[in-house]
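What the coordinates show
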Amino acid sequence: LLGVKAKTLTEELKNELGYDEKIRGVVIKEVDLKSILSERGVRRGDVIVQINTKRISSMKDYDDVIKDLAPGKSVMIMLKKPDGSTNILSFEIEK
């Protein structure tokens, strides 16, 4: 739906990617180059920490939120980048 494949951010991945030990979320492992997230600058290694009002700590959290999204609905995604910056993306899911 969002055009990404992700997995839970583990301690090992945090160390490998250089993230702070306090961060929780799902790390992007693949981005569809034709997706809206790719167009908005989302890259492999970015971490989704929040979708709409739900904090994301695991793939279960991610999947629970994603199942309720539908084409035409608005969504807000908060991401952490490997450089420590935070990006907030707001868009409507494509129909």
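Going by the structure above, here's the rest.
Residues numbered from 1 in each chain as written. Predicted model: local features only at pLDDT ≥ 70, side-chain atom pairs only at ≥ 80, totals over all residues. Heavy atoms only, no water.

1. What about the overall build of the protein chain?
Helix and strand counts for the protein chain come out as 3 helices and 6 strands. Listing every helix and strand of the protein chain by position from the N terminus yields β-α-β-α-β-β-α-β-β. Referenced to the eigenvectors of the C-alpha coordinate spread, the extents of the protein chain come out at roughly 40 × 25 × 20 Å. Per-residue burial for the protein chain yields a buried fraction of 42% across its 95 residues. In the protein chain, 48% of the contacts between residues at least 6 apart in sequence involve partners at least 24 apart. Surface summary for the protein chain: the accessible area is close to 5700 Å², and the carbon and sulfur share equals 47%. Separation of charge centres in the protein chain, based on 18 positive and 16 negative side chains, amounts to 2 Å. (Helix = DSSP H or I, 4+ residues; strand = E, 2+ residues; numbered from the N terminus. Buried < 20%, exposed > 50% of the residue type's maximum accessible area, 1.4 Å probe, protein only. Contact = heavy atoms within 4.5 Å. Areas by Shrake-Rupley, 256 points an atom, 1.4 Å probe, with all protein chains shown as cover. Lys, Arg positive; Asp, Glu negative; His and termini not counted. Charge placed at Lys NZ, Arg CZ, Asp CG, Glu CD.)

2. A closer look at the pattern of salt bridges
One pass over the structure, following the stated rule, counts 5 salt bridges. Put simply, Glu11 and Lys14 hold a salt bridge, and the shortest N to O gap is 3.1 Å. In this pair, Glu11 and Lys14 are both assigned in helix H1 (residues 11–17), 3 residues apart and thus about one turn of the helix distant. The partly exposed category is assigned to Glu11, whose relative accessible area is 47%. Accessibility expressed as a relative area gives 2% for Lys14, which makes it buried. (Salt bridge = Lys/Arg side-chain N within 4 Å of Asp/Glu carboxyl O.)

3. Describing the side chain of Lys14
Here Glu11 takes part through its side chain, which lies 3.1 Å from a polar atom of the side chain of Lys14. When neighbours within four sequence positions are excluded, Lys14 is seen to be in contact with Leu9, Tyr19, Asp20, Glu21, Ile23 and Arg24. (Polar contact = N/O pair within 3.5 Å; in protein donor to acceptor, adjacent residues only side chain to side chain.)

4. Observations concerning unusual backbone geometry
Here the phi dihedral of Asn52 falls at roughly 55°; this positive angle occurs in a residue that is not glycine. Of note, Asn52 is situated in the loop between strand E3 (47–51) and strand E4 (54–55). Judged by its relative accessible area of 27%, Asn52 falls in the partly exposed class.

5. Considering helix H3 (residues 59–66)
Along H3, the positions that sit buried rather than exposed are Asp61, Tyr62, Val65 and Ile66. Around the axis of H3, the buried residues are gathered within 125° of arc, so they sit on the same side. (Arc of directions from axis to C-beta.)

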